[in-house]
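# Coordinates in review
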Amino acid sequence: MKLTGFPAVNSLALLIDPDKAGDESLGRILTVADECSTDYIFTGGSITFSGIDGVISKIRERCNIPVILFPGNLLQLTRHADRILLLSLISGRNPELLIGNHVLAAPYLKDIREKITSVGYILINCVGKTSVEYMSQTGSIPADKPEIVVATAIAGEMLGLAMIYLEGGSGAAKPVPVEIISAVRKNISIPIAVGGGISTGDDVRQAYSAGADLVVLGNGCEKRPEFLREAALIRNSLRKDQ
């Protein structure tokens, strides 16, 4: 499946953790995702031991939503996703996550470049240390330092990255502050994705209103699938107003 205009404005993604994707729970959440026309299914993460290809096959058996690889490490690489996010952790200073892993992955991905979206991945400290920080061996940018987040995002755009992903972290206590999303939106022209800690309809609405092009939901939907329906309704209402 060839995706054009990724990500769409006011789009919604569901993040599937392969290690938690049992057949019953996966089928249940994908049914909801399909019914409410979720734009994308992300799969991958900071801690993933299960095979990505198997999960992608299961997703495709149950719905026609585009599958986006959201890799946390080289073991999660696959050529079978509809789009692959080539993540550069630009908020950290771990050279492996800035360029090292990319060098190793490049020969494997070179002939499917049309599937690649280069992403500046920025971790925001939204209370507590997250799995992403621990596994990446990097620190996050404090939520009360929006100027550093903005400068990092500008640098990512200047380096030619196609999207900025503002990440509160899996299981974060709070979402990325709207002030940060808004400040980044005012200073860059490339798409912005926001994920981590989004657990209410107000969180979704505020992220879009602040300038997020793509909102990514994860843990909140695993625990409460109806939250995905609520988020989709908010997305739909914003699209009607465009």
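Overview of the structure. (Residues numbered from 1 in each chain as written. Predicted model: local features only at pLDDT ≥ 70, side-chain atom pairs only at ≥ 80, totals over all residues. Heavy atoms only, no water.)

## Structural notes on the overall build of the chain
Within the chain, the secondary structure is distributed over nine helices and nine strands. The C-alpha radius of gyration of the chain comes to 16 Å, within 12% of the 18 Å expected for a compact globule of 242 residues. Each of the 242 residues in the chain was classed as buried or not, and the buried ones make up 53%. A total of about 11,100 Å² of accessible surface is found on the chain, and carbon and sulfur atoms cover 54% of it. Separation of charge centres in the chain, based on 24 positive and 26 negative side chains, amounts to 3 Å. (Helix = DSSP H or I, 4+ residues; strand = E, 2+ residues; numbered from the N terminus. Rg over C-alpha atoms; globule rule 2.2 N^0.38 Å. Buried < 20%, exposed > 50% of the residue type's maximum accessible area, 1.4 Å probe, protein only. Areas by Shrake-Rupley, 256 points an atom, 1.4 Å probe, with all protein chains shown as cover. Lys, Arg positive; Asp, Glu negative; His and termini not counted. Charge placed at Lys NZ, Arg CZ, Asp CG, Glu CD.)

## A closer look at the pattern of salt bridges
Oppositely charged side chains may form a pair once their charged atoms are brought near each other. As enumerated under the stated definition, the model contains 10 salt bridges in all. A salt bridge links Arg79 to Asp111; the shortest N-O distance between them is 3.0 Å. Taken as a pair, Arg79 in the loop between strand E3 (67-70) and strand E4 (83-89) and Asp111 in the loop between helix H3 (95-109) and strand E5 (116-125) lie far apart in primary sequence, 32 residues in all. Its salt-bridge partner being Arg205, residue Asp202 comes within 3.3 Å of it at the nearest N-O pair. Taken together, the residues Asp202 and Arg205, both in helix H7 (residues 201-210) and three residues apart, mark about one turn of the helix. Overall, Asp202 belongs to the partly exposed group, its relative accessible area being 47%. Among the residues examined, Arg205 registers a relative accessible area of 40% and is labelled partly exposed. (Salt bridge = Lys/Arg side-chain N within 4 Å of Asp/Glu carboxyl O.)

## Looking at the packing of helix H6 (residues 178-187) against H7
At a closest axis distance of 8 Å, the pairing of H6 and H7 adopts a crossing angle of 25°. Here H7 runs roughly parallel to H6, going by the angle between their axes. Regarding H6 and H7, the two cross each other, and that crossing is right-handed. Packed against H6, whose contacting residues are Val178, Ile181, Ser182 and Arg185, the element H7 presents Gln206, Ala207 and Ala210 at the interface. (Axes fitted to C-alpha atoms, helices over the stretch in contact; angles between N-to-C directions. Parallel < 35°, antiparallel > 145°, perpendicular 65-115°, else oblique. Left-handed = near helix turned anticlockwise from the far one by under 90°. Contact = heavy atoms within 4.5 Å.)

## Focus: the packing of aromatic side chains
Considering all chains together, one arrives at five aromatic pairs under this definition. Here the aromatic rings of Phe6 and Tyr40 are separated by 5.0 Å at their centres, their planes lie at 80°, and the arrangement is edge-to-face. Of this pair, Phe6 sits in the segment before strand E1 (11-16) while Tyr40 sits in strand E2 (residues 40-44), placing them 34 residues apart in sequence. By relative accessible area, which is 13% here, Phe6 ends up buried. Residue class for Tyr40 comes out buried when judged on its relative accessible area of 7%. Pairwise contacts between aromatic rings join Phe42, Phe70, Tyr121 and Tyr165 into one cluster. (Phe/Tyr/Trp six-rings, centres within 6.5 Å; stacked < 30°, edge-to-face > 60°.)

## A look at the side chain of Asn10
Within the secondary structure layout, Asn10 lies in the segment before E1. If sequence neighbours within four positions are ignored, Asn10 has contacts with Asp39, Tyr208, Ala212, Asp213, Arg235, Leu238, Arg239 and Gln242.

## What about H7?
Where H7 is concerned, the buried positions are Gly201, Asp203, Val204, Ala207, Tyr208 and Ala210. Where H7 is buried, its residues meet E1, H6, strand E9 (214-217) and helix H9 (226-240). Where H7 ends, the next residue or the one after it, Gly211, has phi of about 125°, a positive value.

## Let's talk about the packing of helix H5 (residues 146-158) against H6
Relative orientation of the contacting elements H5 and H6 amounts to 35°, with a least axis distance of 9 Å. As for how H5 packs across H6, the hand of that crossing is right-handed. For the pair H5 and H6, contact is made by Pro146, Val149, Val150, Ala153, Ile154 and Glu157 and by Ile180, Ala183, Val184 and Asn187, respectively. When its residues are assigned to classes, the contact of H5 with H6 shows eight nonpolar, one polar and one charged. (Nonpolar A, V, L, I, M, F, W, Y, C, P; charged D, E, K, R; others polar.)

## Focus on the environment of Ile68
Here Ile68 lies in strand E3. Placed 17 residues apart in sequence, Ile68 and Leu85 show a C-alpha to C-alpha distance of 7.2 Å.

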